Amino acid sequence: MSSLYEEINTPPASDIPVRRVTINVNGEARTANVEPRLLLAHLLRQGFKLTGTHTGCDTTNCGACTVLFDGRPIKSCTMFAVQADGHDVQTVEGLASASELHPLQEGFKQEHALQCGFCTPGMMMAAKALLEENLNPTEDEIRWALSGNLCRCTGYQNIVKAVLWAAEKMRAELN
Amino acid sequence: MSLNEVKIGGMGASRRRVEDNRFIRGKGNYVDDIVLPGMLHMEILRSPVAHARIKSIDTSAAWDMPGVRLVLTGEMMAARNLAWMPTLSYDTAAVLATDKVRFQGQEVCAVIADDPYIAKDACGKIVVDYEILPPIVNPVQAAAPDAVQIRDDKAGQVGNKIFDWEIGDKARTDNAFADADVVSKIELHYPRTHPSPMETCGSLADYDRATGKLTVYLTTQAPHIVRAAVAMVAELPEQNIRIVSPDIGGGFGNKVPIYPGYVVAILASILTEKPVKWIEDKTGNLTSTGFGRDVYLKGEMALRKDGKILGVRMNTISDHGAFFADAQPSKFKIGLMHSAFAAYDIPTAHMFATGYYTNKAPGGVAYRCSFRVTEAMFFQERMVQAAADDLGMDQAEFRRVNFVKDEQHPHRTAFGFLTDSGQYEKCLDIGLEAIGYKNFAAEKAEAAKRGRLLGIGISTMTEPLGAGNSREYDILGIKMFDSAELRIHMSGKAILRTGSRGQGTGHETTWAQIVAHELGIPADDILVEEGDTDTAPFGMGTYASRSTPVAGAAIAMVARKVRAKARKLAAHLLEVSEEDIEWELGRFYVRGNQERGVTIQDCAMAAYSNMPDGMEPGLENVAYYDPPNLTWPFACYIAKVEIDPETGVWDVLQFVAVDDCGVRINPMIVEGQIMGGLTEAYAMANMQYQTYDEEGNIIGGNYMDFLLPTAWETPGFELYEVVTPCPHHPIGAKGVGECATVGGPAAFVNAVMDALKDKGVRNIDMPLMPNRVYEALTTGKDIYGMPPVRSGN
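These numbers come from a predicted model, not from an experiment. (Residues numbered from 1 in each chain as written. Chains lettered and ligands numbered in written order. Predicted model: local features only at pLDDT ≥ 70, side-chain atom pairs only at ≥ 80, totals over all residues. Heavy atoms only, no water.)

Draft legend 1. Representation of the overall build of chain A within the structure. Broken down by element type, chain A carries five helices and five strands. Sequence-ordered secondary structure for chain A, helices as α and strands as β, is β-β-α-β-β-β-α-α-α-α. The C-alpha radius of gyration computed for chain A amounts to 17 Å, which stays within 12% of the reference 16 Å derived for 175 residues, consistent with globular compactness. Taken along its principal axes, the extent of the C-alpha atoms in chain A is 55 × 35 × 25 Å. A total of 175 residues make up chain A; the buried ones form 59% of that total. Of all intrachain contacts in chain A linking residues separated by at least 6 positions in sequence, the fraction that spans at least 24 positions is 57%. If you sum the accessible surface of chain A, you get close to 6800 Å²; carbon and sulfur atoms cover 49% of it. (Helix = DSSP H or I, 4+ residues; strand = E, 2+ residues; numbered from the N terminus. Rg over C-alpha atoms; globule rule 2.2 N^0.38 Å. Buried < 20%, exposed > 50% of the residue type's maximum accessible area, 1.4 Å probe, protein only. Contact = heavy atoms within 4.5 Å. Areas by Shrake-Rupley, 256 points an atom, 1.4 Å probe, with all protein chains shown as cover.)

Spelled out as structure tokens, the structure:
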């Protein structure tokens, strides 16, 4: 029997301890029966089918799995799903509204801040956390805020530009 | 009225990328995102030791675990003749170990279970009894007369040597050295490193017994090669094999070879009759899949007093790990190492190459480079700097004296390549101006007052990109060409498919731009599709910067075939003979009467609704392109660094890149490629490498040890361009994706060595970590990076 990895609402085998969790994902309450050792990244990807959160290194280094946990960026590959019970999680899928992209999404496209796209969701989530605290960051502040996210394709220069682009647009929208 | 090419997203437009629309929404479709009903999960048990005989394997406890469906061992693979598989260099590699393990991280068993957690647990229940053998971690140990033989499985193998190979004119080169005023020498190690794409390797194999069809979703840069290999290895009919390469989270050469995990997952799907997914973890990727480099290079240059290079000798000793698995053209044993010095007018050269087995991961992939070109160019530029220093000549001037001149192209190199075009001095001049070369001495003196050491490093090189031509280049006998298929729908929109496979390289965007350039159909009206062997025409895939030089050329050629047919349709619609038709972008018109014309879209509709009598309906075609030569981009990279002598830390003050990759299809994407490549160059020069300890433990098997630069430490890069169109490419383009990774490292290292010139230091092997720089600085001695390192160091 599956240990609730994919079929999150099927009854568990009797010998596997499970816990029911409720997580507010992108503004929607989601529940699942999970094994205590199930990682948050895996619940998001396989359980909730939100595959925009990627797992790159499994060791909290690469940041491809970055999501916002109660608004703060965390690496979901080293947090257990049960730790998220009752908390708020935002993933890349929650960035855009039905009608429009988030300025970071637009900025990343405009400034050619992505190539293979694998690190991109984590990068954008880390950048979102920065911009929520500081809408007028310097280049150094952006580089520091993104230093937990690795990119192998772009060399970061355009990622920094994209965040600046988004910050400018968000400031303009405020005025 | 002629169309504005940039407005329709044609050549030269920095068109924003089509693929971004899904990636920025988190809607990419990577292998691990694909879920099939009833899918099982596979995990691989890897060897914890570098070299050992397998005495026994007990899998019973794993089988007993609930949720485990299958446990595979080497013995079970052997029973199906699948314990070994061919490599891309005519060797064999173990799929699951049977007799011995030959490197740490080697695949020993596989567990297939209901979920990956169970599969991982079950791997932990397998008991393998190993009899430890002495590990060999460098070629010196491998060559020792009493060295244990690693490949005792191979009939006829003596010792650990794989090959001796030579190229060039030895006698003539000996004469050049006899005539030399000065002989300059250098010796270095290009350390082992890893392409390490963010996404690891993985596959999802789905065998359907009812139809006999095998579908494999796979992280591959070359899906058609995989199809051919699976047909050979698994002995399945090729028409029943479908390889799909979905979105690829970075490749850089790492996703060219065929790995044991793919083969085992296929067999597991056949045996369980369920889809089987295998996703490697990062340590699996770093410790078992295709590494790059690991070559010891030694050489000397015969020089005349006035700075003219008379000849070059090179000697390479390469460490291939446990299996000779280099991804390279069949004809060459050490890739295109002999492309070294192609930018310089050197009368004669000779190279001798030797390769060895060691107890390290197999591979030798071209990590963001064309088959060992990176090592060649690094050695070239380190040798050039050493020679200029030995002559007491300015390093820029020394290059200028020896460059192949613009009018000398096509130029036959001393090792036999034929360069196609270039403006080397112009690139150098732009670079020197941008870095402020003239003022450097004053700047250096000023920094010295602050106790800081300043250095400037130049790297200038041309490299061969875009294999083949098919006369000289093949992989396992399959000639290196590529393909494109273009179908114009009746509305004038189109679908284009090629044999290449983008992996972040923007094919879906730029390929449409080539069609827009050739046909005047707006790029937004063209869908580009790649990576599915059931639909894409046969191609050799994407690596070695071959997409634009080969597949890109095929796209231009297929568009021209389509245009030729459209011209006949236009003549029919305009009721004139074909000879009286003129073409301008997107439109045919009657000669002498420009008002009277039809658009390409009109022709498309006519191909389905109003074709002339006797004409085959439809408007589509396919082109296979076999390039006449490789393309030869040129790059000039200059780094200015400052060293803090109290710590050995060096900072990049300025970095200038002048790239001439011919005509740029999408300048934004070209610049993105260059910046990304320079970052990998910086990584290799500064921090990113893999080494081994005395016991054969890999150091650099996870992101704690294998360091990649982040946004924080990566310097900024200033980019400049020169355009020398490729004379033999249909749209004048040359490859560019790897120039920066190939040429970049020498600029950083030359800069640091320039700063240390007065300290008596001639070479520090990469990566130039602060401890190495500090040691060289304080002892005045060279630092040599051959493993083993002491554990924990």
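Okay, back to it.
Draft legend 2. Region of the structure containing the interface of chain B and chain A. Counting residues at the interface gives 57 residues for chain B and 48 residues for chain A. Where chain B abuts chain A, roughly 4600 Å² becomes buried across the two surfaces, and 56% of that area is made up of carbon and sulfur atoms. Area buried by chain B at its contact with chain A is led by Ile24, Tyr117 and Met198 of chain B, which between them contribute 18% of it. Scanning the region where chain B abuts chain A turns up three salt bridges. At the level of secondary structure, the elements contributing two or more residues to the side of chain B that touches chain A comprise helix 1 (20–23), helix 4 (116–125) and helix 17 (667–686) of chain B. Tallied by class, residues from the side of chain B that touches chain A come to 24 nonpolar, 18 polar and 15 charged. (Buried area = accessible area lost by both parts, 1.4 Å probe. Salt bridge = Lys/Arg side-chain N within 4 Å of Asp/Glu carboxyl O. Nonpolar A, V, L, I, M, F, W, Y, C, P; charged D, E, K, R; others polar.)

Draft legend 3. Summary view of the sheet that holds strand 17 (residues 349–356) of chain B. All names here are of chain B. Within the open sheet, the five strands sit side by side as 9-17-16-15-10. Their pairing is mixed. The open sheet has two edge strands, strand 9 (161–168) and strand 10 (182–193), and neither has a second partner. Along the sheet, successive strands turn relative to each other by an average axial angle of 10°, direction set aside. Along the sheet, helix 6 (residues 170–178) contacts strand 9, strand 10, strand 15 (292–303), strand 16 (309–319) and strand 17; its crossing angle with strand 16, the most-contacted strand, is approximately 120°. Packed onto the sheet, helix 10 (residues 373–391) meets strand 10, strand 15 and strand 16 and runs at close to 145° relative to strand 10. (Pairing = 2+ DSSP bridges. Axes fitted to C-alpha atoms, helices over the stretch in contact; angles between N-to-C directions.)

Draft legend 4. Structural view of the domain arrangement of chain B. Residue and element names in this part refer to chain B. Taken domain by domain, chain B consists of domain 1 (20–27 + 482–625), domain 2 (34–133 + 200–248 + 255–288) and domain 3 (369–465 + 629–779). Relative to domain 3, the C-alpha centre of domain 1 lies at a distance of 39 Å. Interface area, domain 1 with domain 3, both sides summed: about 1300 Å², of which 66% is carbon and sulfur. Taken together, the links from domain 1 to domain 3 amount to zero salt bridges. Connecting domain 1 to domain 3 are eight residue pairs in polar contact (both at pLDDT 80 or more). Looking at the side of domain 1 that touches domain 3, the elements with two or more residues in it are helix 14 (507–519) and helix 15 (547–574). The element contributing the most residues to the side of domain 1 that touches domain 3 is helix 15, with seven residues. (Domains from an automatic or database assignment. Polar contact = N/O pair within 3.5 Å; in protein donor to acceptor, adjacent residues only side chain to side chain.)

Draft legend 5. Summary view of the sheet that holds strand 28 (residues 593–599) of chain B. Residue and element names in this part refer to chain B. Read across the open sheet, the three strands follow the order 26-27-28; overall the sheet is antiparallel. Two strands bound the open sheet, and with one partner strand each, they are strand 26 (581–584) and strand 28. On average, each strand axis in the sheet is inclined to that of its neighbour by 35°, with strand direction left out of account. Across four bridges, the pairing between strand 26 and strand 27 (residues 587–590) is antiparallel. In the strand pairing of strand 27, tryptophan 583 is matched with phenylalanine 588. The strands touched by helix 16 (residues 600–609) are strand 27 and strand 28; relative to strand 28, the strand with the most contacts, the crossing angle is about 45°.

Draft legend 6. Structural context of the domain arrangement of chain A. All names here are of chain A. Domain boundaries in chain A define domain 1 (19–94) and domain 2 (103–174). On a C-alpha basis, the centroid separation for the pair domain 1 and domain 2 is 21 Å. Contacts between the two partners involve 17 residues from domain 1, matched on the other side by 14 residues from domain 2. Here domain 1 is connected to domain 2 by zero salt bridges. Put simply, domain 1 and domain 2 have six residue pairs in polar contact (both at pLDDT 80 or more) between them. Every element with two or more residues in the side of domain 1 that touches domain 2 is listed here: strand 3 (66–69) and strand 4 (72–75). Per element, the largest residue contribution to the side of domain 1 that touches domain 2 is three residues, and it comes from strand 3.

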